Amino acid sequence: MLWSAAALRRSGLLCGRGGGRGLWTGHPQSDTDNVKPLAGIKILDLTRVLAGPFATMNLGDLGAEVIKVERPGVGDDTRSWGPPFVGTESTYFLSVNRNKKSLAVNIKDPKGVKIIKELAAVCDVFVENYVPGKLSAVGLGYEDVDKVAPHIVYCSITGYGHTGPMSQRAGYDAVASAISGLMHITGPEDGDPVRPGVAMTDLATGLYAYGAIMAGLIQRCKTGKGLFIDCNLLSSQVACLTQVATNYLIGQKEGKRWGTAHGSIVPYQAFKTRDGYLVVGAGNNQQFATVCKILNLPELIDDSKYKTNHLRVQNRKELIKILSARFEEETTATWLCLFEGCGIPYGPINNMKGVFAEPQVLHNGLIMKMNHPTVGKISVPGPAVRYSKFKMSEARPPPLLGQHTTHILKEVLRYDDRTIEQLLSAGVVTQHGAN
């Protein structure tokens, strides 16, 4: 099915000058209250693990219909990642797959490829995270999909990009984190490199892909044409090195590990208390003076060695030794009370129990509760962003493998029951719960 610009404009999937469902005009209408911005947009999601699913989950939060394509009998790799499991469901999988429908289809079978191409023709976005060339080998590369869906925004997430000496390598977060330099600058100052506690390279790539897809949809509004997006772990993480990379590129200053401290600001780090840790930052001289008063160390304020941040950085070890000794004299709770209302950035190092007991975390609605079809009530981290004109509540739970296969074939592609039964019998597709 080929979509003309006129057909797209009538459907509301193409916006531009002179008609259609245009971009924001500054004049809200009552009949659009609580309409999500991506309502009516269909995402064909062939991604697995984290970066891609994180991107498409965020698109789903904004109202897009996400069709998650999975391998029959196996599904997304993370379905088997555990423990922990809740029932038979991996908590890893549950964390990044809400607001999606699962279609279990064998894309190594020509009939499965035909299904994906037919879906691409009626979807707006195609997202995949295969090693470059893998999908082209079965007829689902960008050139193949573009022929049947020239309107498609095709986002490919890889480890290192589609061209270049490393393009054929599989991309995993820890490896990309190492090659990109993130691991080199993470960890104790005098210790070994450390992998961040969550897959930050994957998550950053997912956010880049999420933004790039939104930009692709806006670009289509302007041109009436789809496009190809090349998003990869290595580029995403190198771009996120920001000032550490710039220090090297401009001043040839090599990056190093600082533990919880900051290379250019002192004090700005975690301090051990009598029973835990407190992170405190003083970004200017006034804030440093306030910290000294709270710690009852007023003599440091006018000490010639600590008068400016530049001097505090130069005399870091001596100053941190003095501050550390004072912080260890009181409990974390005592320091939290003393710092309350002072205008200084501060906070405890929380474990997960502490995070989800934080009043601000609860106030921000960061615990999203859902009813899962097999394990009952579950809670996952909720969306980070809130909007004034629509709500992010009432999310659909992560799908069971193949839970929506027949629904998608029947309602989206208009297959009849006989055709669907033939596909099921041949193992081209599977439906959860089917005999």
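Up top is the structure.
A brief report on the enclosed structure follows. (Residues numbered from 1 in each chain as written. Predicted model: local features only at pLDDT ≥ 70, side-chain atom pairs only at ≥ 80, totals over all residues. Heavy atoms only, no water.)

Soluble globular proteins tend to bury their nonpolar side chains together. Core analysis: the biggest nonpolar cluster contains 31 residues, and Leu44, Val105, Ile115, Leu119 and Phe126 have the highest contact counts within it. Those elements that provide at least two residues to this core are strand S1 (42-46), strand S2 (65-70), strand S5 (100-105), helix H4 (110-122), helix H6 (142-148), helix H17 (405-412) and helix H18 (417-426). No other element matches the 6 residues that H4 contributes to this core. In this view, Leu119 contacts Leu44, Ile67, Leu103, Ile408, Val412 and Leu413; residues no more than four positions away in its chain are not counted. One finds Val127, Ile157, Cys231 and Leu233 within the second-largest nonpolar core, a separate group that totals 24 residues. (Core = buried A, V, L, I, M, F, W, Y, C linked by side-chain atoms within 4.5 Å. Buried < 20%, exposed > 50% of the residue type's maximum accessible area, 1.4 Å probe, protein only. Helix = DSSP H or I, 4+ residues; strand = E, 2+ residues; numbered from the N terminus. Contact = heavy atoms within 4.5 Å.)

Turning to the sheet that holds strand S11 (residues 346-348), a few remarks are in order. Taken together, the 3 strands give an open sheet; going across it, the order is S9-S10-S11, and neighbouring strands pair in antiparallel fashion. The open sheet has two free edges, formed respectively by strand S9 (268-272) and S11, since each of these has just one partner strand. Geometrically, the sheet is characterised by an average inter-axis angle of 20 degrees between neighbouring strands, direction not taken into account. As defined by bridge partners, strand S10 (residues 277-281) adjoins S11 across 3 bridges and the pair is classed as antiparallel. Bridged to Val280 within S11 is Tyr346. Docked against the sheet, helix H13 (residues 316-327) engages S9 and S10, running at close to 45 degrees with respect to S9. Its contacts with the sheet place helix H14 (residues 332-339) against S10 and S11, and it is angled at close to 25 degrees to S10. (Pairing = 2+ DSSP bridges. Axes fitted to C-alpha atoms, helices over the stretch in contact; angles between N-to-C directions.)

Taken in spatial order, the 7 strands of this open sheet run S8-S7-S6-S1-S2-S5-S14, and their pairing is mixed. Edge strands, defined here as strands with exactly one partner in the open sheet, are strand S8 (227-232) and strand S14 (429-430). Pairing of strand S7 (residues 153-158) with S8, which is carried by 6 bridges, proceeds in the parallel orientation. Opposite Val153, over in S8, you have Leu227 as the bridge partner. On top of the sheet, helix H8 (residues 200-223) reaches strand S6 (125-128), S7 and S8; it is set at about 165 degrees to S8, its chief contact. The strands touched by H17 within the sheet are S1, S2, S5 and S14, with S5 carrying the most contacts at an inclination of about 95 degrees.

The next point concerns the pattern of salt bridges. According to the stated counting rule, one finds 18 salt bridges in the structure shown. Lys307 is paired through a salt bridge with Asp302; the nearest N and O atoms lie 3.8 Å apart. The class of Lys307 is partly exposed, set by a relative accessible area of 42%. Looking at Asp302, the relative accessible area reads 58%, which means it is exposed. Residue Asp417 pairs with Lys410 through a salt bridge whose shortest N-O separation is 2.9 Å. Owing to a relative accessible area of 34%, Lys410 belongs among the partly exposed residues under this scheme. (Salt bridge = Lys/Arg side-chain N within 4 Å of Asp/Glu carboxyl O.)

The next subject is a nonpolar patch on the surface. Taken together, the side chains of Met352, Phe356, Leu362 and Ile367 present a nonpolar region at the surface, about 370 Å² in accessible area. Residue placement: Leu362 occurs in helix H16 (residues 359-363). Note on Leu362: relative accessible area 47%, which makes it partly exposed. (Patch = residues over 30% accessible without salt bridge, like charges linked within 9 Å, V, L, I, M, F, W, Y side chains within 5 Å. Areas by Shrake-Rupley, 256 points an atom, 1.4 Å probe, with all protein chains shown as cover.)

Turning our attention to unusual backbone geometry. The peptide bond linking Gly82 to Pro83 adopts the cis configuration, its omega dihedral lying at 5 degrees. Summarising the element assignment, Pro83 is placed in the loop between S2 and strand S3 (85-86). With an omega of 0 degrees, the peptide bond between Val266 and Pro267 qualifies as cis. In this fold, Pro267 is placed in the loop between helix H10 (242-251) and S9.

The residue Asn129 is located in the loop between S6 and helix H5 (134-137) in this model. From its side chain, Asn129 meets the backbone oxygen of Arg48 in a polar contact 2.8 Å long. Residue contacts for Asn129: discarding those within four places in its chain leaves Leu46, Thr47, Arg48 and Ile157. (Polar contact = N/O pair within 3.5 Å; in protein donor to acceptor, adjacent residues only side chain to side chain.)

With that settled, the discussion passes to H8. With 24 residues, H8 extends 34 Å between its outermost C-alpha atoms, agreeing within 8% with the 34 Å of an ideal straight helix rising 1.5 Å per residue. Positive phi appears at Gly224, one or two residues downstream of H8, with a value of about 80 degrees. (Expected span 1.5 Å × (residues − 1).)

Okay, the packing of aromatic side chains next. The final tally for this structure, using the stated rule, is 11 aromatic pairs. Here Phe126 and Tyr154 contribute two aromatic rings whose centre-to-centre distance is 4.5 Å and whose plane-to-plane angle is 10 degrees, an arrangement assigned as stacked. Of the two residues, Phe126 sits in strand S6 while Tyr154 sits in strand S7, which places them 28 residues apart along the sequence. The burial state of Phe126 is the same as that of Tyr154; both residues are buried. Three or more aromatic residues joined by ring pairs form one cluster here, namely Phe271, Phe327, Trp335, Phe339 and Tyr346. It is Lys256 that lies over the ring of Trp258; its NZ or CZ is 4.2 Å from the centre. Positioned above the aromatic ring of Phe288, the side-chain terminus of Arg312 is 4.4 Å from the ring centre. (Phe/Tyr/Trp six-rings, centres within 6.5 Å; stacked < 30°, edge-to-face > 60°. Lys NZ or Arg CZ within 6 Å of the ring centre and 35° of its normal.)

Residue placement: Thr374 occurs in the loop between strand S12 (367-372) and strand S13 (376-381). For Thr374, a relative accessible area of 47% puts it in the partly exposed group. Linking Thr374 and Thr88, residues 286 residues apart in sequence, is a C-alpha distance of 8.7 Å. If sequence neighbours within four positions are ignored, Thr374 has contacts with Glu89 and Leu400.

Let's shift gears to H14. Looking at H14, one finds that the buried residues are Thr332, Trp335 and Phe339. For H14, the buried positions fall inside an angular range of 65 degrees around the axis, keeping them on one side. Those residues of H14 hidden inside the fold are in contact with S10, helix H11 (285-294), H13 and S11. Once H14 finishes, Gly341 follows within two positions and takes phi at roughly 80 degrees, a positive value. (Arc of directions from axis to C-beta.)

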